[in-house]
Amino acid sequence: MQTFLIMSKPADTIHSVKGVRDLLPEECALWQRLEAEARGVFGAYCFQEIRTPVIEPMALFVRTVGGETDIVSKEMYTFLDRDDEQIALRPEATAGVVRAYIEHSLYNQGGTQKLFYMGPMFRRERPQKGRYRQFHQIGAEVIGSDHPLVDVEALEMLVLLLERTGIQQYSLLINSVGCPRCRPEYLRVLRQALESVKAGMCNDCQRRTETNPLRVLDCKVEADQSTIEKLPRIVDYLCAECQQHFEAVKSGLQQRKIAFSLAPRLVRGLDYYMRTTFEVTTGGLGAQNALLGGGRYDRLSEMLGGPPAPGFGFAIGEERLVMAAAEAGFLKPASGLDVYVAWMGEAAAQPAMELTRALRQAGLGAEAPLEPLKLKKMLGVASKSGARFSVIIGEGELASGKYQVKDMSAGSQEEVEAGRVAEYLYPRLGR
Ligand code: AMP
């Protein structure tokens, strides 16, 4: 015999995990519209979508993003799988995209690969407005070319996307972080400069002085910022090739009238970047004002055991894009409801459901009450859900075979033959 537990008090409610959030339908509508804009812009620049898994081997990020970065050392969600494999929830997508590029030999397809992605990322950060533990990025990667015009064209694409989302108040900050040829000399000078000031800096910076001094530059500790401002600048130590690349990027942007500012200490919190790094910041986002960031990662493929495949990419924080776009007046789409079918009397129920089904099959958004309701109530529901038209079916309409079709905003009403409602509505809905 089965025994049942009789609960004497109501169960506790279960809340979402700290730092993550639900996107309710109204917000989803805005997200979808922004994603559609992004897809449109990516399509115009011939980027194709790639979807990589949310879980990856932990080593992928340790090796590429870097064990000394905050993302890997403090914020990564990891677990030991049942077969003892170390897994990570992806904190970013570029490493996974390049892993896939190598794993599926996309380099054999000739030319550069232009890929975009959209999806959730995970970082165990301190939650605050615009900063979550599960957040979303829309990103793009160009893999297979080190030409500076790749950088310029990707930035041009970004500017178009920002334009399409109505965001006008933003700054594009760019820098170059050199390459494996010139960076060691800069690191030597940086380490030397840090020797005399590190005692006054945070513990992490003291450790990074030894392990990975470049990471000192993206320390977030407020008290360290004035010291960091005075450290040597990497742009003063670039080799001839890096300098040439940087100059070409800057003049390409100028030619295309894309405004930018130089940010000599912008190194971004990921180790795989070399040469160009950039960020777009915008007001109105509060403390978390970085809307997106990216740069060049010419050695990433080789770091993962792949062929030489220089690349350039960026990731937009979707939560922040939505916030900035909403602030800029990017409106959510009108309700999806085209037609509300109101019926009165039991005999009208079946014809109303059939009409609703036919309208849906014809691609219109249609809704009908499943239970009898008063006409006033039904018209109230129709206008609340933003229906453009209502169809009214009662005893008289059934007898005449003509339904009343009401234009909800004009308030006007016309009789339409029962079998011709979709035909009547199509042009009036602009289809
Ligand atoms: P990153 O992958 O660190 O280069 O970040 C690129 C963009 O992702 C940032 O500019 C933010 O817009 C967004 N982002 C990064 N971390 C978070 C987070 N914890 N919550 C929300 N957005 C984030």
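Each remark here, short or long, concerns the structure printed above.
One structure accompanies this document, and this report is about it. Counting of residues starts from 1 at the beginning of each chain's written sequence and follows it residue by residue. Where totals are concerned, whole chains, interfaces and linings use all residues; where local detail is concerned, this predicted model gives features only for residues with pLDDT of at least 70, and gives and counts side-chain atom pairs only at 80 or more. In computing side-chain properties, one takes all heavy atoms of the structure into account and sets aside hydrogens as well as water.

**Some remarks on empty space enclosed by the protein**
For clarity, the cut-off: Only protein atoms enter the 1 Å grid used here, on which a cavity is any set of points holding a 1.4 Å probe that cannot leave and a pocket is any open set flanked by protein within 12 Å on both sides along at least five of seven lines; residues with an atom within 4 Å of a point are listed as lining. Grid points are joined across faces, edges and corners, and a volume is the space filled by probe spheres set on the points. Note on conventions: DSSP H or I runs of at least 4 residues are helices, E runs of at least 2 residues are strands, and numbering of each starts at the N terminus. All residues other than Ala, Val, Leu, Ile, Met, Phe, Trp, Tyr, Cys, Pro, Asp, Glu, Lys and Arg, Gly among them, are scored as polar; the first ten of these are nonpolar and the last four charged.
Enumeration over the complete set of coordinates arrives at one cavity of 30 Å³ or more. Of the pockets and cavities examined, the largest cavity occupies roughly 40 Å³. Along the walls of the largest cavity sit Leu-155, Leu-158, Val-159, Leu-162, Tyr-170, Leu-172 and Val-280, which together make up its complete lining. Elements supplying a minimum of two residues to the lining of the largest cavity: helix H5 (148-164) and strand E7 (170-176). At four residues, H5 tops the list of elements feeding residues into the lining of the largest cavity. Split into classes, the residues belonging to the lining of the largest cavity amount to seven nonpolar, no polar and no charged.

**Quick word on helix H12 (residues 346-361)**
Helical periodicity: at 3.6 residues per turn, an α-helix aligns residues three or four positions apart in one direction. Counted only if it meets this: Here, expected helix span is obtained from the residue count minus one, scaled by 1.5 Å. Under the scheme applied here, a residue whose accessible area is under 20% of the maximum for its type counts as buried, over 50% as exposed, and between as partly exposed, the area being computed with a 1.4 Å probe on protein chains only. The arc refers to the directions leading from the helix axis to the C-beta atoms. By definition, residues are in contact when any of their heavy atoms lie within 4.5 Å.
Taking 1.5 Å per residue as the helical rise, H12 with its 16 residues ought to reach 22 Å, and the 24 Å between its terminal C-alpha atoms agrees with that figure. By the burial criterion, the buried members of H12 are Ala-348, Ala-349, Ala-352, Leu-355, Thr-356 and Leu-359. Each buried residue of H12 lies within a common arc of 140° when the element is viewed along its axis, so the set occupies one face. Structural note: H12 exposes Ala-347, Arg-357 and Gln-361 on the side pointing more than 90 degrees away from its buried face. On its buried face, H12 is in contact with strand E12 (339-343), strand E13 (366-367), strand E14 (389-393), helix H14 (395-400), strand E15 (402-407) and helix H15 (421-428). Residue Gly-363 follows H12 closely and has a positive phi angle near 90°.

**A few points about the layout of surface pockets**
By rolling a water-sized probe across the atoms, one finds the places where empty space is left. Here the second largest pocket is characterised by a volume of approximately 150 Å³. The wall of the second largest pocket is formed by Asp-146, Cys-179, Pro-180, Arg-181, Met-274, Arg-275, Asp-298, Arg-299 and Pro-310. Here the residues of the lining of the second largest pocket sort into four nonpolar, no polar and five charged.

**Details of the nonpolar core**
So the rule is basically this: By convention a nonpolar core is built from buried Ala, Val, Leu, Ile, Met, Phe, Trp, Tyr and Cys residues, the set being connected through side-chain atoms within 4.5 Å.
Phe-42, Phe-278 and Leu-291 are the most contacted members of the largest nonpolar core, which has 50 residues in total. Considering every element that reaches this core, the biggest residue donor is H5, with nine residues. Among the nonpolar cores identified, the runner-up in size contains 46 residues, and Ala-95, Val-177, Leu-194 and Leu-217 belong to it.

**Observations concerning the sheet that holds strand E11 (residues 311-317)**
Worth spelling out the cut-off: Following DSSP output, two strands are said to pair if at least two bridges run between them. Axis geometry follows a simple rule: fit a line to the C-alpha atoms, using only the stretch in contact for helices, then measure angles between N-to-C directions, giving values from 0 to 180 degrees.
If you trace the eight strands from one edge of the open sheet to the other, you get E1-E5-E6-E11-E10-E9-E7-E8, paired in mixed fashion. Edge positions in the open sheet fall to strand E1 (48-49) and strand E8 (261-262), since each of these has one partner strand only. Here strand E5 (residues 113-122) runs beside strand E6 (residues 134-143); their pairing, made up of 10 bridges, is antiparallel. Counterpart to Gln-113 in the pairing with E6 is Ile-143. Here H5 sits on the sheet in contact with E5, E6, E7, strand E9 (274-282), strand E10 (290-296) and E11, set at roughly 20° to E11.

**Brief notes about a nonpolar patch on the surface**
Defined as follows: Patches here: salt-bridge-free residues with over 30% relative accessible area, like charges joined within 9 Å, nonpolar side chains (Val, Leu, Ile, Met, Phe, Trp, Tyr) joined within 5 Å. The method behind every accessible area is Shrake-Rupley, applied with a 1.4 Å probe, and residues are considered shielded solely by the protein chains displayed. By convention in these notes, a salt bridge is any Lys or Arg side-chain nitrogen within 4 Å of a carboxyl oxygen on Asp or Glu.
On the surface, a cluster of nonpolar side chains totalling about 230 Å² of accessible area is made up of Val-54, Ile-55 and Phe-79. With respect to the helices and strands, the residue Phe-79 is situated in strand E3 (residues 78-80). Phe-79 sits in the partly exposed class, given a relative accessible area of 36%.

**Description of the site of the ligand**
For clarity, the threshold we go by: Proximity is defined per residue: if any heavy atom of the residue lies within 4 Å of a molecule or strand, that residue is considered near it. Polar contact is the term for a pair of N or O atoms within 3.5 Å; when the atoms are in protein, one must be able to donate a hydrogen and the other to accept it, and sequence-neighboring residues count only if both atoms are side-chain atoms.
Close to the ligand lie 15 residues; Arg-123, Glu-125, Tyr-132, Gln-137 and Arg-268 are nearest. At a separation of 3.4 Å, an oxygen atom of the ligand approaches a polar backbone atom of Gly-317. Considering the ligand on its own, with 480 Å² of exposed area, one finds that the protein chains cover 93% of that surface. Broken down by element, the residue count for the shell around the ligand peaks at three residues, all from E10. Its residues placed into classes, the shell around the ligand shows seven nonpolar, three polar and five charged.

**Things to note about helix H2 (residues 58-66)**
Of all the residues in H2, the buried ones are Leu-60, Phe-61, Thr-64, Val-65 and Gly-66. Each buried residue of H2 sits inside an arc of 155° when the element is viewed along its axis, so together they form one side. As for H2, its buried residues are in contact with strand E2 (55-57), helix H3 (70-73), strand E4 (86-89), helix H4 (94-103) and helix H10 (300-303).

**Observations regarding the packing of aromatic side chains**
We apply this condition: Here the aromatic set is Phe, Tyr and Trp, taking the six-membered ring for Trp, and pairing holds for ring centres within 6.5 Å; pairs whose planes are under 30 degrees apart are stacked, those over 60 apart are edge-to-face, and all others are tilted. The criterion is that NZ of a Lys, or CZ of an Arg, lies within 6 Å of the ring centre and within 35 degrees of the ring normal, and then a charge sits over that ring.
Scanning the entire structure with this criterion turns up eight aromatic pairs. A ring pair is formed by Phe-42 and Phe-314, whose centres lie 6.5 Å apart and whose planes are at 40°; its orientation type is tilted. Placement of the pair is Phe-42 in helix H1 (residues 25-44) and Phe-314 in strand E11, with a sequence separation of 272 residues. No difference in accessibility class separates Phe-42 from Phe-314, as the two residues are buried. Arranged with centres 5.6 Å apart and planes meeting at 15°, the rings of Phe-278 and Phe-312 form a pair that is stacked. Of this pair, Phe-278 sits in strand E9 while Phe-312 is found in strand E11, placing the two residues 34 residues apart along the sequence. On the accessibility criterion, Phe-312 (1% relative accessible area) is buried. Every member of this aromatic cluster is reached through a ring pair, and the members are Phe-42, Phe-47, Phe-116 and Phe-314. Above the face of the Phe-330 ring, Arg-33 is positioned so that its terminal group lies 4.3 Å from the ring centre. Positioned above the aromatic ring of Tyr-424, the side-chain terminus of Arg-428 is 3.7 Å from the ring centre.

Remember, this is a structural readout, not a statement about activity or role.
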